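# Coordinate inspection notes
The chain contents come next:
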Amino acid sequence: DWVGGRYSMWGPIGLALMAVGIALMGRKIYLDPSWPAGTDISVYLSALKNIAAGLHPYGDVHAHPFAYPPLFAELLTLLFPFFSDGKWWAVWSALTFVQLIAALIIMMRGFGEKLSEKLSWGAVALICGVISVSHLTRSEVFHGQADFTTLLLLVLGLRFSSSRRPFATAIAWSIMMNIKPFLGIVVVHQLVTRRYKEAAYTLIAGGAIFALSFAVFGTEA
């Protein structure tokens, strides 16, 4: 895959494109003196500061309001004590890119029982490289949006579902639903494909996480 054969250059070209994409993403963040102001990260920061002050994440944000259930903000508070404001939030942006690459690899290599049913590693690298240099990826990473996080959880859930692991599927998808609730439409997929146990697990886990994520705020819930 990497050293010989008809498509031997796919891997090196893909890795080179990924390097270019990473450089362009880093450059975009570095050249913006006000970053992360005006990005999704700034919205998360407002929510995190409210939580750190003992409040709920839906207070005064001076811009767009935090529009998710509180789980995502609660998870990001694990990073907040270390990064606070400023360019250190580029670490989160880098993590979103890693999540994208992980999701792509699972999509191209994680399904099918036979090796012939999976894309070669060279093809995987090439596709990851092309996507890495796209404007869409650069914009998503710049803003630190949760889209690549939900994409990874969606793909993991599909992988677990295809291998008949309903509990693992429910965990992945219930977390995903608690980041962006409209993704609860995956339950329709479970019902249509007659995975009733999986659907029940997902709804129960999703509802429990939703309730608990609000319950931590006590009377403010």
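Structure: see above.
Structure report, in brief.

## Thoughts on the pattern of salt bridges
If you walk through the whole model with that rule in mind, you get one salt bridge. Between Lys180 and Asp147 there is a salt bridge whose closest N-O contact spans 2.4 Å. One end of the pair, Lys180, is in the loop between helix H9 (166-177) and helix H10 (186-192); the other, Asp147, is in helix H8 (residues 147-162), and 33 residues separate them in sequence.

## Description of the nonpolar core
Grouped burial of nonpolar side chains is what soluble globular proteins tend to show. Within the largest apolar cluster, 32 residues are counted, with the highest numbers of intra-cluster contacts made by Tyr44, Phe66, Phe72, Trp89 and Trp92. Looking at this core element by element, the count peaks at seven residues for helix H2 (residues 40-52). Setting aside residues no more than four positions away along its own chain, Tyr44 makes contact with Phe66, Tyr68, Phe72, Leu76, Trp92, Gly144, Gln145 and Ala146. Among the nonpolar cores identified, the runner-up in size contains 11 residues, and Met18, Ile101, Cys128 and Phe148 belong to it.

## With respect to helix H7 (residues 135-143)
Every buried residue belonging to H7 is among Thr137, Glu140, Val141 and Phe142, and all of these are buried. At its buried positions, H7 is contacted by helix H1 (10-30), helix H5 (90-109), helix H6 (121-132) and H8. Just downstream of H7, Gly144 is the residue with a positive phi angle, here 65°.

## A closer look at the packing of aromatic side chains
Inspection of the entire model under this criterion finds 10 aromatic pairs. An angle of 70° between the planes, with centres 5.4 Å apart, marks the rings of Phe66 and Tyr68 as edge-to-face. Phe66 sits in the buried class, given a relative accessible area of 4%. For Tyr68, a relative accessible area of 15% translates into the label buried.

Parameters and conventions
- Each chain has its residues counted from 1, running along the sequence as written.
- Local features in this predicted model are restricted to residues of pLDDT 70 or higher, and side-chain atom pairs are both shown and tallied only at a pLDDT of 80 or more, whereas totals for entire chains, interfaces and linings draw on every residue.
- For side-chain calculations, the full set of non-hydrogen atoms in the structure is used, while hydrogens and water are omitted.
- Should a side-chain nitrogen of Lys or Arg be within 4 Å of a carboxyl oxygen of Asp or Glu, the pair is scored as a salt bridge.
- A run of DSSP states H or I qualifies as a helix once it reaches four residues; a run of E qualifies as a strand once it reaches two. Both are numbered from the N-terminal end.
- Buried Ala, Val, Leu, Ile, Met, Phe, Trp, Tyr and Cys residues form a nonpolar core when they are joined through side-chain atoms within 4.5 Å.
- Relative accessibility under 20% of the residue-type maximum defines a buried residue, over 50% an exposed one, and the middle range a partly exposed one, all with a 1.4 Å probe and only protein chains included.
- What makes two residues a contact is simply this: any of their non-hydrogen atoms within 4.5 Å.
- Aromatic contacts are taken between Phe, Tyr and Trp rings whose centres are within 6.5 Å, Trp giving its six-membered ring; a plane angle under 30 degrees counts as stacked, one over 60 as edge-to-face, and the others as tilted.

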